[in-house]
Amino acid sequence: MMFRLLLLLPLGLLALQGQDLRLLCEQRGIKLGAAADPTRILDTKEIVYAATLGWEFNQIEPENAMKFGPIHPSQASYSFGPADTIVNFSNAVGQVVRGHTLVWHSQNPDWLTKGNFSSKELSDILQSHINTVVGRYAGRVYAWDVVNEAFNDNGTIRSTIWSDSPGIGLTGTAYIEQALRWANSADPKALLFYNDYSAEGMNAKSNAVYAMAKDFVTRKVPLHGIGLQMHLTLTPGSLADIDTNIKRITDLGLQVHFTELDVRLPVDSSGNATAAALATQAQIYHDVVAICLKYPLCTAIQTWGVTDKYSWIPSVFPGFGAALLFDTSYKPKPAYNSFRDALAQAAPVISASGLVSAASYEGNGVAPGEIVVLYGNTFGPSILQLPQLDGGKVSSNLSSARLLFDGVPAPLIYARVGQVSAVVPFAVEGKTTTQMQYEYQGVKSNAVTVPVLASKPAIFTLDTSGTGAGAILDPNYQVITASNPARKGGVILVFGTGGGAMTDNPQDGALAGVPLPQIRDTVSATIGGVDCKVLYKGALPGGVLGALQFNIEVAAGVPSGVRPIVITIGNKSSPSAVTVVVE
Ligand code: G3I
């Protein structure tokens, strides 16, 4: 992404923005989008539009160019040019594209609305339209608003050409389901959304959307998320209701995208809002962003436009405007800063299921000294941070990222967006559970309870996949491979983690020196199911305590070929998916 951005650097300098929001959103693993107009992207006299759009956002959506009328202007022909401009631009500046929209009551062409088509004909037209448009952008549009605004505010189905006048021949939400299924077969990898307005909080419309979503999830209809448009005013209604609605949607396992966020203000005849209105607007942006950040499945926030200079608001709501993050001169507004503050202050969200062995990727608990990886989508330094020594020990703080077990910071092997690797503190020994918390830039995540095991042996693999060829050397420190197989009667050096308690009072983060701490529990090994003698079972010399080395004598009776190698510590064995080649 950085490489692509560098291409845009001269444009970015024109805009003179800090890219704060985009980078912070990337750190949080969420998309920051803007609705865009391809004509403006191509307007070389106002290059600051493309610069701001490309520099500040990591997601783009055509405001109009993919709607039925613009993209399918006559029955026999499509007009892909403007939509292609958006997709090509996104590729140049490292953005993902949301597609908008396939099924809507508005912006349909006359040939369609005045064609007097039968339900059967309309069904064929829509299927072919979805297949053509979604198919063309398969792999390039990552998420689609498949159906837009299908409900009335009272929760009933809106009467439209697609639903009942005359409709495609399916009643209720069945036509929405059909559209989702067609989109899914045109691009099985695209995320498919239902998108609506005034359905952000708790009301008849959002209840209807939720009921449909729940039904679709239960019946495995390909629906992956709900788009909340978020066209807000200075009185946005109950934020608690918005929170509750997002919670119930994400509890279904569906994503939420804020798809069309703007907060319109009363403006004077020059389009200017008062400072007080701008400050209130900033608070509203802050608050709704903060709600989204509470939920790992709230994965994109998109504004309905780039700059107050070009917005749908003034023509639809005369006397209102100034609704976006950048003013008419492309300067960031107070809302931009408050959006950034919400990102900076938001607590990371973690879950115990994201915590696995760094060697086997097995979850369900940790052992003292185990090298683990925590995955998530809401945290981390944007640039990969490698381990650092602090007073001779592996540091437990990398670029303000820390992972705490019962408040004890774990030595960190690396940290990056969405991933941190650490050594579980030895102090968890003897406990049945530990409370894990991630901290980034001083803000702590939720605490999750993780079972503590006496041991959780795992062998590192050569390709770090957790299965296949183990990270195993011969006594000359040459990697064991098919051309350098383990010798029967010879010794191999096997590298792993998860040994549990060790001798010599191991210190978190210390590098192993003499005396080398040993695994306290009993250790045994088999290769190809045959018992092999364990000559050494302790700290990897020079490695961080928790990294283990096993010197294993390959028994004469081990069968030749690629054989599973299993290490058992106490009552727990390493997964048998790791192999060694035997002569
Ligand atoms: O492109 C034509 C142009 O050739 C013509 O000269 C001009 C004359 O009116 O019209 C131009 O088309 C306009 C189009 O925007 C592009 O500017 C349409 O009239 C106008 O109706 C259309 O408005 C769009 C509106 O959807 C249509 O309902 C807005 O730009 C767009 O922001 C708005 O977006 C919707 C979302 O899709 C769904 N949610 C609500 C949101 C705001 O209404």
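Located above this text is the structure these notes cover.
Per chain, the residues get numbers from 1 upward, laid out in the order the sequence is written. With the structure being a predicted model, the display of local features is reserved for residues of pLDDT at least 70 and the display and counting of side-chain atom pairs for 80 or more, all residues being used for whole-chain, interface and lining totals. Calculation of side-chain values draws on the structure's entire complement of heavy atoms; hydrogens and water are dropped beforehand.

Here we take up empty space enclosed by the protein. A 1.4 Å probe that fits but cannot get out identifies a cavity on a 1 Å grid over protein atoms alone, an open set with protein on both sides within 12 Å along at least five of seven lines counts as a pocket, and a residue lines either if it has an atom within 4 Å of a point. Grid points are joined across faces, edges and corners, and a volume is the space filled by probe spheres set on the points. Considering all chains together, one arrives at two cavities of 30 Å³ or more under this definition. The computed volume of the largest cavity comes to approximately 100 Å³. Along the wall of the largest cavity there are 13 residues; nearest its centre are R28, L343, A344, A346 and Y440. A run of H or I in DSSP becomes a helix once it reaches four residues, and a run of E becomes a strand once it reaches two; helices and strands are each numbered from the N terminus. When residues of the lining of the largest cavity are traced back to their parent elements, those giving at least two are α3 (20-28) and α15 (334-345). The dominant element in the lining of the largest cavity, judged by the number of residues it contributes, is α3, at three residues. Under the scheme applied here, ten amino acids are nonpolar (Ala, Val, Leu, Ile, Met, Phe, Trp, Tyr, Cys and Pro), four are charged (Asp, Glu, Lys and Arg), and all others, including Gly, are polar. Of the residues in the lining of the largest cavity, the class split is eight nonpolar, four polar and one charged.

We now examine the site of the ligand. In the vicinity of the ligand there are 14 residues, among which E63, K67, H100, Q107 and E260 approach most closely. Think of a polar contact as two N or O atoms within 3.5 Å of one another; within protein, one of them needs to be a possible hydrogen donor and the other a possible acceptor, and neighboring residues in sequence only count if both atoms come from side chains. Interatomic distance of 3.0 Å between a side-chain N/O atom of N64 and an oxygen atom of the ligand. K67 places a polar side-chain atom, nitrogen or oxygen, 2.6 Å from an oxygen atom of the ligand. Note that accessible areas follow from Shrake-Rupley with a 1.4 Å probe, and for residues the cover is restricted to the protein chains shown. The protein chains hide 45% of the 780 Å² of surface that the ligand would expose on its own. Residues are labelled near a given molecule or strand when at least one of their non-hydrogen atoms is within 4 Å of it.

In this section: α3. Relative accessibility thresholds used throughout: buried, under 20% of the residue-type maximum; exposed, over 50%; partly exposed, between the two (1.4 Å probe, protein chains only). Across the nine residues that make up α3, a large majority, seven, are buried. Looking at α3, one finds that the buried residues are L21, R22, L24, C25, E26, Q27 and R28. Positive backbone phi, approximately 70°, marks G29, located one or two places after α3.

This paragraph deals with the state of the cysteines. Note on disulfides: each one is a pair of cysteine sulfur atoms within 2.5 Å. Enumeration over the complete set of coordinates arrives at one disulfide. What pairs with C292 in a disulfide is C298, and their sulfur atoms sit 2.1 Å apart. Across the S-S bond of C292 and C298 the torsion is about -110°, and the bridge reads as left-handed. One exposure class covers both C292 and C298, and it is buried. Free cysteine C25: the closest other cysteine sulfur is in C292, separated by 8.8 Å.

Here we come to the layout of surface pockets. Quantified by volume, the largest pocket comes out at close to 490 Å³. Considering only residue class, the lining of the largest pocket consists of ten nonpolar, 13 polar and seven charged.

Among the secondary structure elements, V424 is positioned in the loop between β19 (419-423) and β20 (433-440). For V424, a relative accessible area of 0% gives the class buried. Distance from V424 to S77, taken between C-alpha atoms, is 61 Å for residues 347 residues apart in sequence.

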